[in-house]
Amino acid sequence: MRWLWTPAWIARHVAMVVLVGSFLGLGWWQISRATAGNSLSWGYAVEWPIFAGFVVYVWWREVRLARRAAQGVPASPGAAADEPAPAVNADSRPAVRRPVRVTRAPVDATPGDDAALAAYNDYLSWLNANPGARPGDYPG
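Conventions we followed
Residues numbered from 1 in each chain as written. Predicted model: local features only at pLDDT ≥ 70, side-chain atom pairs only at ≥ 80, totals over all residues. Heavy atoms only, no water. Helix = DSSP H or I, 4+ residues; strand = E, 2+ residues; numbered from the N terminus. Buried < 20%, exposed > 50% of the residue type's maximum accessible area, 1.4 Å probe, protein only. Contact = heavy atoms within 4.5 Å. Areas by Shrake-Rupley, 256 points an atom, 1.4 Å probe, with all protein chains shown as cover.

Draft legend 1. Fine view of the overall build of the protein. What the protein contains, in helices and strands, is 3 helices and 0 strands. Looking at the protein residue by residue over its 140 residues, the buried ones come to 13%. Within the protein, counting contacts between residues at least 6 apart in sequence, those at least 24 apart form 43% of the total. On the protein, roughly 11900 Å² of surface is accessible, and the fraction owed to carbon and sulfur atoms is 62%.

What follows is the structure, given as structure tokens:
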């Protein structure tokens, strides 16, 4: 358990204690405001201890994961305990696959079929040819 007393873990422990103390203090403050007549503070009085509980949960989960990693147990939750871990050595490399290339087929429509479509395509090609221009600068 010496790994729990490294400088990084000490900072995590201190952060957990400070956050939990602050959140519980803020919850107590909201209770005192709620008893003084502020009805909205009742919701906050419930919310702050939940935040403190979440901080404790995350801290405990990180301690458990670090303990399992220190013991050599795989940390993935989906891995079954009876399945052997895949053998990994220095010569094994993950499979790298090439990306799938898709060829684009040209559209067989002629621009003269629809005058509005042809005008819109001319407008788009002009915008593409003039990247700094605004749509209002189109001469057509």
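We are not done yet, so read on.
Draft legend 2. Representation of the environment of Ser 32. As for its position among the elements, Ser 32 is in helix 1 (residues 7–35). On the basis of relative accessible area, Ser 32 is assigned to the partly exposed category, the value being 35%.

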